[in-house]
Amino acid sequence: MDIKGKIIQKLELQSGTSKAGNAWKKQEYVLETLDSYPRKVKFDFFGDRADQFPLEVGDIITLSYDIDSREFNGRWYTDIRGYKAVKEDPNAVAAAPAPYAPAGEPAPAPAPGAPAPAPAPGVDTFDQPGASDDLPF
């Protein structure tokens, strides 16, 4: 799965040694989506990926991730584990229009007695005044 957003927090690097004697490390981040109603998502890179994808606060990224849940002592824990991060150009995101941006100024009303403009191709005309259809009612 993929999610796009801005890194708003970089948490402290965690590391240690497993019971088998293998070294491990985990880098956690908090990402805020760029939606109209932003959501915050905490995710991590584990092992070599912690070094492979160095991120900083303010980076705009597209994160590819997996979700994993596990049970411990009768409680369930869910992790969002990143496996790839692609940094975006911050200028391109700022220039992109918002998904639900309000439309510009409404078109001026036609002069009285002027013919109505032709609709754009592919636009339904059933609710426009003076539009005719083949229905008998």
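Everything that follows concerns the structure shown earlier in this document.
Residues numbered from 1 in each chain as written. Predicted model: local features only at pLDDT ≥ 70, side-chain atom pairs only at ≥ 80, totals over all residues. Heavy atoms only, no water.

Caption draft 1: Local environment of the overall build of the protein chain. Along the backbone of the protein chain there are two helices and six strands. Taken over 137 residues, the protein chain has a buried fraction of 20%. Intrachain contacts of the protein chain at a sequence separation of at least 6 include 51% that bridge at least 24 residues. Within the structure as shown, the protein chain displays about 10700 Å² of accessible surface, and the carbon and sulfur contribution to it stands at 54%. (Helix = DSSP H or I, 4+ residues; strand = E, 2+ residues; numbered from the N terminus. Buried < 20%, exposed > 50% of the residue type's maximum accessible area, 1.4 Å probe, protein only. Contact = heavy atoms within 4.5 Å. Areas by Shrake-Rupley, 256 points an atom, 1.4 Å probe, with all protein chains shown as cover.)

Caption draft 2: Layout of the environment of A23. Mapped onto the secondary structure, A23 falls in strand β3 (residues 23-33). When sequence neighbours within four positions are dropped, the list of residues in contact with A23 reads G16 and T17.

Caption draft 3: A look at the nonpolar core. Counting 14 residues, the largest nonpolar core has I7, F43, F45, L55, I61 and L63 as its most contacted members. Broken down by secondary-structure element, the contributors of at least two residues to this core are β1 (2-10), β3, β4 (40-46) and β5 (60-72). Ignoring sequence-local partners within four residues, the contact set of L63 consists of M1, D2, I3, F43, F45, G82 and K84. (Core = buried A, V, L, I, M, F, W, Y, C linked by side-chain atoms within 4.5 Å.)

Caption draft 4: How the structure looks around the packing of aromatic side chains. If you walk through the whole model with that rule in mind, you get five aromatic pairs. Between F43 and F45, the ring centres sit 5.7 Å apart and the planes meet at 85°, which makes this aromatic pair edge-to-face. (Phe/Tyr/Trp six-rings, centres within 6.5 Å; stacked < 30°, edge-to-face > 60°.)

Caption draft 5: Summary view of the pairing of strand β2 (residues 14-17). Across four bridges, β2 lies against β3 in antiparallel orientation. Across the sheet, T17 pairs through a bridge with A23, a residue of β3. (Pairing = 2+ DSSP bridges.)

Caption draft 6: Layout of the pairing of β3. Taken together, the five bridges between β1 and β3 define a ladder with antiparallel strand orientation. Residue pairing in the sheet places Q9 in a bridge with V30 of β3. In this structure, the hairpin formed by β2 and β3 is closed by a connection of five residues, where G21 is found at a positive phi of approximately 90°. Across seven bridges, the pairing between β3 and β4 is antiparallel. The residue of β4 that forms the bridge with L31 is V41.

Caption draft 7: Fine view of the pattern of salt bridges. All chains considered together, the criterion is met by eleven salt bridges. Of the charged contacts, one joins K10 and E56 as a salt bridge, the two residues approaching to 3.2 Å between their closest N and O atoms. With K10 in strand β1 and E56 in the loop between α1 (49-52) and β5, the pair connects residues that are 46 residues apart, well separated along the chain. Put simply, D79 and R70 hold a salt bridge, and the shortest N to O gap is 2.8 Å. Looking at R70, the relative accessible area reads 40%, which means it is partly exposed. Through salt bridges with shared partners, a single network forms among D44, R70, D79 and R81. (Salt bridge = Lys/Arg side-chain N within 4 Å of Asp/Glu carboxyl O.)

Honestly, that's just the spatial picture; any functional story needs more than this.
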